[in-house]
Structures are given as structure tokens and as C-alpha cells.
Amino acid sequence: QVQLVESGGGLVQPGGSLRLSCAASGSGFRMGWYRQAPGKERELVATITRDGAPNYADSVKGRFTISRDNAKNTVYLQMNGLKAEDTAVYYCNLRIFSTSGISDYWGQGTQVTVSP
């Protein structure tokens, strides 16, 4: 069973920055971040493949940067220019492809609150 441990959430003012980290106990093809705001469905924020190819939601392009350290099985999300609408619980995701199919693993979530 793969475990994911997130850190770096908190309270920040609009326009501020935060950096999220997620360390996995195993490796996988794709790592990423999703978020869920109150009353809304969980949505993709950004993902990155083992080769370093990133993918971003339109709402965060140009403000957020995803990166990963394959040696440490760790993924990072640098969030700049934060807005109130970025407020959500952020979940780390690890996707593994195997002969038996696709397996998704999730972290416990870390709260990000953007407020004056």
C-alpha cells in the first residue's frame, strides 16, 4: 500500500505564495495535485509525469508550478499569486500503471486558505 504525506498548506493573503510538498512511499508514472472546495467536486490542479511533462488546469496556468524529485518520490506545487478562489483542500495523487490496470493513491489533504 502506497502512502502519501502532504505538507505546506496554511493561511495566506491574496497575492501571496505557498509551496506544497508530497512525499510518496513508492514511485509512479504520474504525480499531481487536486483540490476540493466546499460544496464543489474535486478538480485537477496540476500533474507531472516521471519524465517531467506538466499539465495544468487553465485556472492556475502562469501562477502555479509543479515539479518532482524522482529520487525522493516527492512532488511539489509552488503556488504564486494566490486568489480567494484557490481556497480548498489540496490532495496529492500518485497514479501507477501496471499489468492489472491503473491505481490511484491519495494523500490525506492539506488546507489552503486565501483570505485578507
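Read on for a plain summary of the structure. (Residues numbered from 1 in each chain as written. Predicted model: local features only at pLDDT ≥ 70, side-chain atom pairs only at ≥ 80, totals over all residues. Heavy atoms only, no water.)

**Some remarks on the pattern of salt bridges**
Here the structure, examined in full by the defined rule, presents 5 salt bridges. Arg35 serves as the salt-bridge partner of Glu43, at 2.7 Å between the closest nitrogen and oxygen. Put simply, Lys61 and Asp58 hold a salt bridge, and the shortest N to O gap is 3.1 Å. For the residue pair Lys61 and Asp58, the accessibility class agrees, reading exposed in each case. Residues joined by salt bridges that share partners form a network here, namely Arg35, Glu43, Arg63 and Asp86. (Salt bridge = Lys/Arg side-chain N within 4 Å of Asp/Glu carboxyl O. Buried < 20%, exposed > 50% of the residue type's maximum accessible area, 1.4 Å probe, protein only.)

**Description of the state of the cysteines**
Overall, the coordinates contain 1 disulfide when judged by the stated rule. A sulfur-sulfur distance of 2.1 Å marks the disulfide that ties Cys22 to Cys92. Judged by the torsion about the S-S bond (-85°), the Cys22/Cys92 disulfide is left-handed. Within this pair, whereas Cys22 is found in strand S3 (residues 18-24), its partner Cys92 is found in strand S9 (residues 88-98), the two being separated by 70 residues in sequence. The exposure classification of Cys22 matches that of Cys92, with both residues buried. (Disulfide = S-S within 2.5 Å. Helix = DSSP H or I, 4+ residues; strand = E, 2+ residues; numbered from the N terminus.)

**Points about the side chain of Arg63**
Locating Arg63 in the fold gives a position in the loop between strand S6 (54-56) and strand S7 (64-69). Here Arg63 falls in the buried class, since its relative accessible area comes to 13%. Excluding residues within four positions of it along the chain, Arg63 makes contact with Gln78, Met79, Asn80, Gly81, Leu82, Lys83 and Asp86. (Contact = heavy atoms within 4.5 Å.)

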